[in-house]
Amino acid sequence: DTAEKIAAWRGPGATADGEPVLILANVADGVSARAAADAPVQGVGLFRTELAFLDRATEPTLEEQTALYREVIDAFDGQKVVIRTLDAGSDKPLKFVANTDEPNPAMGVRGNRIVATYPEIRNGQLDALAAAAKGAGAVPWVMAPMIATVDEAREFAGQVRGRGMVPGVMIEVPSAAILADKILAEVDFVSVGTNDLTQYTMAADRMSPELASLTDPWQPAVLALIEMIGRAGEKHSKSVGVCGEAAADPLLACVLVGLGVRSLSSAPAASPAVGLKLGGVTLQQCRDAATAALAATSASGARDAARAVVGA
Ligand code: PEP
Ligand code: MG
């Protein structure tokens with residue numbers, strides 16, 4: 001019966017007392033975007049553009065990139081589309097960017113950090129995004145991965161605004177969470193990448209199955225950082241979303257909303273269960289679940305505490 005209710009859920013996302021929470025999809029290309037558009041989601045919360053670059057020996061041309069971005073924007077005509085600039089490096093090395101011999105690639109030149117050596121790659125991508133947006137008559141939100149400093153956020157925001165788009169950054173490095181208030185003074189929105197935020201907060205490789213109990217977004221230290229980000233978002237009246245796997249966990253979704261998150265983006269298959277769960281709880285219950293989870297001293301303790309407030 002729960003499975004039937006999940007299958008029947010159609011959105012839009014909101015708590016039982018009507019607080020809107022956008023339920024969004026993570027996509028990789030035009031094909032996955034068109035498939036996601038058939039799911040009960042209200043837009044795209046994370047378009048991982050680097051996936052289009054990974055199998056290429058050379059940088060895709062401006063025209064090729066523009067066509068690809070246009071496909072995703074068109075699949076969600078008139079809806080929200082959040083596009084992430086290239087997050088290459090570490091586990092996603094690029095053949096045409098020559099810094100492959102780093103001893104510690106997860107902490108190396110990845111994400112927006114390539115701008116120091118290859119500004120034309122990231123700025124060319126922004127040109128292609130602006131061309132796609134113009135062609136579609138859309139105003140996409142564009143965010144940078146792996147932002148660690150306020151200066152990086154400011155530089156990125158200037159480049160995106162200068163091309164008529166809405167700038168944001170991912171918060172997936174602990175320093176950016178700690179400085180969320182100052183970063184939100186520079187950009188129009190943030191999206192929390194809980195996969196990497198957990199990895200870097202816990203100093204535990206997200207690819208290591210042996211460390212799964214550490215790479216758990218229920219870890220109270222991770223929740224405490226998300227609380228800081230949520231507070232900063234409320235102070236600035238700017239959008240705080242989550243686009244890591246944490247957004248696919250219905251119980252954790254309640255806690256995230258209680259911490260101030262107002263959009264949840266994940267693989268579209270997860271959205272109905274998340275939407276249904278949120279529709280059954282009030283915003284105050286979400287806040288109480290968040291308070292209870294934050295008071296816990298372990299990930300399992302945080303889960304149990306949240307479950308005691310909002311149910312399994
Ligand atoms: C994240 O880090 O949570 C995230 C959404 O980005 P990716 O998984 O692509 O690193
Ligand atoms: Mg990430």
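Residues numbered from 1 in each chain as written. Chains lettered and ligands numbered in written order. Predicted model: local features only at pLDDT ≥ 70, side-chain atom pairs only at ≥ 80, totals over all residues.

Undergrad: I tried to follow the nonpolar core on my own but got confused; where do I start?
TA: Generally speaking, nonpolar side chains in soluble globular proteins are found buried as a group. Counting 90 residues, the largest nonpolar core has Val44, Val169, Cys254, Leu256 and Ala306 as its most contacted members. Sorting elements by how many residues they give to this core places helix α10 (residues 250-258) first, with seven residues. Ranked by size, the runner-up nonpolar core spans eight residues in total, among them Leu86, Ala88, Leu94 and Ile114. (Core = buried A, V, L, I, M, F, W, Y, C linked by C-beta atoms within 7 Å. Buried ≥ 20, exposed ≤ 12 C-beta atoms within 10 Å, placed from the backbone. Helix = DSSP H or I, 4+ residues; strand = E, 2+ residues; numbered from the N terminus.)

Undergrad: Honestly, the site of ligand 1 in this entry has me stumped. Any pointers?
TA: Around ligand 1, the structure places Leu46, Arg48, Asp87, Glu172, Gly193, Thr194, Asn195, Asp196, Cys243 and Gly244. Sorting the residues of the shell around ligand 1 by element identifies β2 (43-48) and α8 (194-202) as the ones contributing at least two each. Of all the elements, α8 adds the most residues to the shell around ligand 1, at three residues. Looking at the shell around ligand 1, its residues break down into two nonpolar, four polar and four charged. (Near = placed C-beta within 6 Å. Nonpolar A, V, L, I, M, F, W, Y, C, P; charged D, E, K, R; others polar.)

Undergrad: I keep staring at the sheet that holds strand β1 (residues 22-27) and nothing clicks. Help me out?
TA: Strands pair in a sheet through their backbones, by hydrogen bonds, and they do so in one of two ways: parallel or antiparallel. Pairing is parallel in the closed barrel, where eight strands are placed in the order β1-β2-β3-β4-β5-β6-β7-β8. Taken over all neighbouring pairs, the strand axes of this sheet differ in orientation by 25° on average, direction set aside. In the sheet, β2 pairs with strand β3 (residues 80-84) via four bridges, with the strands oriented parallel. Each bridged residue has a counterpart across the sheet, and for Arg48 the counterpart in β3 is Arg84. Lying over the sheet, helix α5 (residues 150-161) contacts β4 (141-144) and β5 (166-171), oriented at roughly 150° with respect to β5. Packing of helix α11 (residues 271-279) onto the sheet brings it into contact with β1 and β8 (263-266), and relative to β1 it is tilted by some 165°. (Pairing = 2+ DSSP bridges. Axes fitted to C-alpha atoms, helices over the stretch in contact; angles between N-to-C directions. Contact = placed C-beta atoms within 7 Å.)

Undergrad: Hey, could you run me through α10 in this one?
TA: Quick reminder: α-helices carry 3.6 residues per turn. Residues three or four places apart thus point the same way. Taken across its nine residues, α10 has nine buried, putting it largely inside the fold. Turning to α10, its buried residues are Pro250, Leu251, Leu252, Ala253, Cys254, Val255, Leu256, Val257 and Gly258. As for α10, its buried residues are in contact with α9 (220-236), β7 (239-242), β8, α11, α12 (283-294) and α13 (299-310).

Undergrad: How should I be thinking about the environment of Val72 in this particular structure?
TA: Tracing the chain through its elements places Val72 in helix α3 (residues 62-75). Note on Val72: 26 C-beta atoms within 10 Å, which makes it buried. Each C-alpha atom, one on Val72 and one on Ala132, is 9.7 Å from the other, the two residues being 60 residues apart in sequence. Other than its neighbours up to four places away in sequence, Val72 contacts Val27, Gly30, Ala33, Val44, Phe47 and Val81.

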